[in-house]
Amino acid sequence: MKILKIDHLGVAVKSIDTGKNFWTDVLGLRFEGTETVAEQKVTTAFLPVGESEVELLESTAPDGPIAKYLEKKGEGIQHIAFRVENIDAALAELKAKGIQLIDEKPRHGAGGARIAFIHPKAASGVLVELCERD
């Protein structure tokens, strides 16, 4: 598997409108608007930092994964995403190594990315996302 870079850090927030203030007003990052990914029950907002981004994640449903995360752990870093050259090959390699995956096949993510998650049990409690972008 070829990891190209850290693509983004996912930060769970109760509200993007209020959650973005620290990132924009204090740190001076540029807010680029929001995108809702209905099948994941989430609205996202990206704030570029060099070649990577901070992704704010707000749940759109009480049973969504971000709502469940917020209920258990509160606001904060929810995942780290690595950009990979070929997500299909990366998943096949991980599966062959016996790594526990949440997604065995890529799904649609924000910004047109193809994404898949590695189970936190395989990564010392860290939710790892792989993403491939054109």
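Everything here concerns the structure above.
All of the points below concern the structure found in this document.

Reading the values: rules and limits
- Residues numbered from 1 in each chain as written.
- Predicted model: local features only at pLDDT ≥ 70, side-chain atom pairs only at ≥ 80, totals over all residues.
- Heavy atoms only, no water.
- Phe/Tyr/Trp six-rings, centres within 6.5 Å; stacked < 30°, edge-to-face > 60°.
- Lys NZ or Arg CZ within 6 Å of the ring centre and 35° of its normal.
- Patch = residues over 30% accessible without salt bridge, like charges linked within 9 Å, V, L, I, M, F, W, Y side chains within 5 Å.
- Areas by Shrake-Rupley, 256 points an atom, 1.4 Å probe, with all protein chains shown as cover.
- Salt bridge = Lys/Arg side-chain N within 4 Å of Asp/Glu carboxyl O.
- Helix = DSSP H or I, 4+ residues; strand = E, 2+ residues; numbered from the N terminus.
- Core = buried A, V, L, I, M, F, W, Y, C linked by side-chain atoms within 4.5 Å.
- Buried < 20%, exposed > 50% of the residue type's maximum accessible area, 1.4 Å probe, protein only.
- Contact = heavy atoms within 4.5 Å.

This brings us to the packing of aromatic side chains. Enumeration according to the criterion identifies one aromatic pair in this entry. The ring of phenylalanine 31 carries lysine 20 above its face, with NZ or CZ at 4.2 Å from the centroid. Here the basic side chain of arginine 133 rests over the ring of phenylalanine 46, its NZ or CZ set 5.7 Å away from the ring centre.

Looking now at a nonpolar patch on the surface. A grouping of Ile6, Leu9 and Ile77 is seen on the molecular surface, where their side chains present a nonpolar patch of about 250 Å² in accessible area. The residue isoleucine 6 is located in strand β1 (residues 3-12) in this model.

Our focus in this paragraph is the nonpolar core. Core analysis: the largest hydrophobic core is formed by eleven residues, namely Ile80, Val84, Ile87, Ala90, Leu91, Leu94, Leu101, Ala116, Ile118, Val128 and Leu130. When residues of this core are traced back to their parent elements, those giving at least two are β5 (76-84), α3 (87-96), β7 (114-118) and β8 (128-132). Here this core takes four residues from α3, the largest share from any one element. Aside from chain neighbours lying at most four places away, what touches valine 84 is Met1, Lys2, Ile3, Leu4, Ala90, Leu130, Cys131 and Glu132. Membership of the second largest hydrophobic core comes to nine residues, among which are Ala12, Val37, Leu57 and Leu70.

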